Amino acid sequence: MAVRKVLRMGHPTLRRVARPVSNKEATSEPIARLVEDMVETLHDYGGIGLAAPQVNESIRLAIIEIPSMGSRYGDLEPMPLTVFINPVVTVLDASTSGYWEGCLSLPGLRGWVERPQHIRVDYKDLNFGSHSREFGGFQATVFQHEFDHLDGTLFVDRMTDTSRLVFEEEYVKYGLSDTLDE
Ligand code: NI
């Protein structure tokens, strides 16, 4: 296992549309190793989600792990470490809510992004088994953020008001987190 370097905004791989993972590939040793590295990288960098393109692998795979508490987003509904292969998001309710999003590929920045809060995700696991799950609230936001990476989209592309793109230091200093429940 190894901590991989997380690419930062400006690296071309972050802007590419990643390719799907095949059944044979999903169950292969290289993918198992990649997932191990991604888990170690996620823990080392201290995030809640990581998409393969962020470690320079342009394939449709992402991992998400929402700790029960103590994340930089405060107390949230936890989610154990889960691997998502070839995920497809379907919006079930178009009404949106906003959160201050961060991204390991845009270190030190936060931006206010509004996204649909009720989605279905169809995806494959590491055995290429099919799953279909619904997610709401902040979890819906996390999934859309991670899966956007598979299409070369970053959270700044989803912002409608760039005056709400800020540095984390100022975010804390000026109490912007108080607007989380807006
Ligand atoms: Ni991100």
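## Points about the nonpolar core
The nonpolar side chains of soluble globular proteins are, as a tendency, buried together. Within the largest apolar cluster, 19 residues are counted, with the highest numbers of intra-cluster contacts made by Leu34, Met38, Leu50, Ile59, Leu61, Ile63 and Ile85. Secondary structure elements with two or more residues in this core: helix H2 (29–45), strand E2 (61–66) and strand E3 (79–101). Leave out the neighbours within four places in its chain, and Ile85 touches Val21, Ala26, Arg60, Leu61, Tyr123, Lys124, Asp125, Leu126 and Phe128. Counting residues in hydrophobic clusters, the runner-up holds 18 residues, among them Ile66, Met79, Phe84 and Val121.

## With respect to the coordination of the nickel ion
Surrounding the nickel ion are the protein donor atoms Cys103 (SG), His145 (NE2) and His149 (NE2), which sit 2.1 to 2.3 Å from the metal. In the primary sequence, the donor residues of the nickel ion line up as C-x41-H-x3-H. Of this pair, Cys103 sits in the loop between E3 and strand E4 (109–124) while His145 sits in helix H3 (residues 137–148), and the two are 42 residues apart along the sequence. Residues Cys103 and His145 agree in their burial class; the two are buried.

What counts and how
Residues numbered from 1 in each chain as written. Predicted model: local features only at pLDDT ≥ 70, side-chain atom pairs only at ≥ 80, totals over all residues. Heavy atoms only, no water. Core = buried A, V, L, I, M, F, W, Y, C linked by side-chain atoms within 4.5 Å. Buried < 20%, exposed > 50% of the residue type's maximum accessible area, 1.4 Å probe, protein only. Helix = DSSP H or I, 4+ residues; strand = E, 2+ residues; numbered from the N terminus. Contact = heavy atoms within 4.5 Å. Donors = N, O, S within 2.8 Å, 3.2 Å for Na, K, Ca; no water.

Geometric descriptors of this kind do not, in isolation, establish any biological role.
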